[in-house]
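Chain and residue survey
Below, each chain spelled out in residue letters.
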Amino acid sequence: TYVGFVTTETQNDRVQEALNNGANFVLNKPFKDEELREKLGAIANKISSKPIIFKPITLEGLTTVVRETLKEVPFRLVEKELTSADLSKENLLALYRSEITKALTAVAVLDLPALTMMGAGALGMQPADVKPMLETESPTEDIQNQAADFLGRAATAMRAEKPGELSMLKQSLVSKDFAKLQELLRHNRGQAYFKLDIPGYGSGRMGFLLV
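Residues numbered from 1 in each chain as written. Predicted model: local features only at pLDDT ≥ 70, side-chain atom pairs only at ≥ 80, totals over all residues. Heavy atoms only, no water.

1. Re helix 4 (residues 112-122)
With 11 of 11 residues buried, helix 4 is to be regarded as a mostly interior element. Within the span of helix 4, buried status applies to Leu-112, Pro-113, Ala-114, Leu-115, Thr-116, Met-117, Met-118, Gly-119, Ala-120, Gly-121 and Ala-122. The opening residue of helix 4, the one whose side-chain oxygen lies 2.8 Å from the backbone nitrogen of Ala-114, is Asp-111. Just past helix 4, the residue Gly-124 takes up positive phi, approximately 70°. (Buried < 20%, exposed > 50% of the residue type's maximum accessible area, 1.4 Å probe, protein only. Helix = DSSP H or I, 4+ residues; strand = E, 2+ residues; numbered from the N terminus. Polar contact = N/O pair within 3.5 Å; in protein donor to acceptor, adjacent residues only side chain to side chain.)

Pasting the structure below:
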């Protein structure tokens, strides 16, 4: 979001404070129409030169799916950048296809902490029973299945450029160094990354990418 100020404020320290905190311009009243056009034109040029990144899922959409999965378990979900360094040794990778083109369209990745927390939360497990699995990175098969079900339900909240639902093809655990995963993190048509916190459990990371 680009922000500019049209103001009667002329004190240099206040104007500089606005610019230092992200304002794209500060225009003092009174001003000429041409001055405003020039400022807005400069912003338009910045926007047109940036590639459009399409998010396969919104924070609101994913929050709804997480809430439906965890039921009464409290959680906090925020958008947060994700790199390969943020992932665990193994991660749950899901593949999605378009119901229109039938082609592979998107992927989702849950690190082991997020997998364990989503699966354990869906089963209503107590923190004391979850923490040992988080520490040893060894979720049970039941927990893995619940996490996979969550990724399947996430398809209903995901979207691509063309209208139509996505459906999950398959899911499996892959190494952090899995070549395809590393390539997708570097090059994709759009991404949405999140950090999940569950009180008493811990924190985990997840991401959704268009291929």
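Now that the structure is up, let's keep going.
2. Some points on the pattern of salt bridges
Here the structure, examined in full by the defined rule, presents eight salt bridges. A salt bridge links Glu-183 to Arg-186; its shortest N-O distance comes to 3.1 Å. A residue pair is termed a helical-turn pair when its members lie 3 or 4 positions apart in one helix, as Glu-183 and Arg-186 do in helix 7 (residues 179-186) at three residues. Residue classification places Glu-183 among the partly exposed positions, given a relative accessible area of 32%. Relative accessible area serves as the criterion here: at 54%, Arg-186 is assigned to the exposed category. In this structure, a network of salt bridges that share partners links the residues Arg-76, Lys-195 and Asp-197. (Salt bridge = Lys/Arg side-chain N within 4 Å of Asp/Glu carboxyl O.)

3. Side note on the packing of helix 4 against helix 5 (residues 127-136)
Contact geometry for helix 4 and helix 5: axes closest at 10 Å, N-to-C directions at 160°. Here helix 4 lies roughly antiparallel to helix 5, going by the angle between them. Regarding helix 4 and helix 5, the two cross each other, and that crossing is right-handed. Counted together, Pro-113, Thr-116, Met-117 and Ala-120 of helix 4 and Val-130, Met-133 and Leu-134 of helix 5 form the full contact between these two elements. Its residues assigned to classes, the contact of helix 4 with helix 5 shows six nonpolar, one polar and no charged. (Axes fitted to C-alpha atoms, helices over the stretch in contact; angles between N-to-C directions. Parallel < 35°, antiparallel > 145°, perpendicular 65-115°, else oblique. Left-handed = near helix turned anticlockwise from the far one by under 90°. Contact = heavy atoms within 4.5 Å. Nonpolar A, V, L, I, M, F, W, Y, C, P; charged D, E, K, R; others polar.)

4. Concerning the side chain of Thr-105
Among the structural elements, Thr-105 can be located in strand 5 (residues 104-111). Judged by relative accessible area, which is 7%, Thr-105 ranks as buried. Sequence-distant contacts of Thr-105, that is, excluding residues within four places in its chain, are made with Tyr-96, Arg-97, Ser-98, Ala-160, Leu-166, Arg-189, Leu-209, Leu-210 and Val-211.

Nothing here speaks to function; it is all geometry.
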